[in-house]
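Structure at a glance
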Amino acid sequence: LMSRSFEKDGGAKANDYLEAQKHYYKQLNDNKEELRRFQQSKNEHQEAINLLQSLPVKTRHDIMVPFGELAFMPGELVHTNEVLVLLGDNYFVERSAHQATEIVER
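Presented here is an overview of the structure given in this document. Please read all numbers here as calculations on a predicted model, not as lab measurements. (Residues numbered from 1 in each chain as written. Predicted model: local features only at pLDDT ≥ 70, side-chain atom pairs only at ≥ 80, totals over all residues. Heavy atoms only, no water.)

A few points about the pairing of strand β3 (residues 82–88)
One face of the sheet, then the other: side chains in a regular strand alternate in exactly this way. Condition: At least two bridges found by DSSP between two strands is the condition for calling them paired. Only DSSP runs of H or I reaching four residues or more are called helices, and only runs of E reaching two or more are called strands; each is numbered from the N terminus.
With 6 bridges joining them, β3 and strand β4 (residues 91–96) adopt antiparallel strand pairing. Opposite V85, over in β4, you have V93 as the bridge partner. Counted between consecutive antiparallel strands, the loop separating β3 from β4 contains 2 residues, among which D89 sits at a positive phi close to 50°.

Here's the deal with a nonpolar patch on the surface
Put simply, the test is: Only residues whose relative accessible area exceeds 30% and that take part in no salt bridge are eligible for patches, with like-charged residues grouped when within 9 Å of each other and nonpolar side chains (Val, Leu, Ile, Met, Phe, Trp, Tyr) grouped when within 5 Å. Calculation of accessible area relied on Shrake-Rupley with a 1.4 Å probe; when residues are assessed, cover is drawn exclusively from the protein chains displayed. Salt bridges are counted wherever a side-chain nitrogen of Lys or Arg sits within 4 Å of a carboxyl oxygen of Asp or Glu.
A surface patch of nonpolar side chains, amounting to about 330 Å² of accessible area, comprises L84, L86 and F92. Relative to the helices and strands, L84 resides in strand β3.

Considerations on the pairing of strand β2 (residues 71–78)
Pairing between strand β1 (residues 60–67) and β2: 8 bridges, direction antiparallel. Note that in β2 the partner of F67 across the bridge is A71. Following β1, the chain reverses through 3 residues before pairing antiparallel with β2; G68 in that reversal takes a positive phi of roughly 80°.

Digging into the pattern of salt bridges
With the rule as written, the count across this model stands at 5 salt bridges. Close ionic contact of R36 with E33 constitutes a salt bridge, the shortest N to O distance being 2.6 Å. Pair noted here: R36 and E33 are both in helix α1 (residues 2–54), with a separation of 3 residues, about one helical turn. Where R60 meets E76, a salt bridge forms, and the shortest distance between an N and an O atom there is 3.0 Å. In this pair, R60 is assigned in strand β1 and E76 in strand β2, connecting sequence segments 16 residues apart. Salt bridges linked by common partners bring E33, R36 and R37 together as one network.

Shape is all these values report; function is a separate question.
Written as C-alpha cells, this is what we have:
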C-alpha cells in the first residue's frame, strides 16, 4: 500500500516538474524572440540616426528612386535638411535633420 502511494506521488511530482520545465523553456524562447525584436529595432534606430546625421552634409544627394515594383530610375534628394517627423497619432512636423536626430535618440 505504501509503495503505490509513493508511486502516485512520485509520478505527480515528475509531471509537475515536466510542466514547469516546459513553461520555463517557453518563457525562455519568448524572451529570446523579444530580445531579437528589440535588437532589430535598436539597429533600425541607429541606421536612422546615421542617415539623419549624413543628410545635411550636402545639399543634394543622388539616389535610385523606385519606379514600380521592379524598376528604379535615377533621382536626386534636395532640401536634405528638412525632415518630416512622426510624433504619434498620425501627427507630423517638419524639423531639421539635427532636431529629428534628437527626437529619434529619445
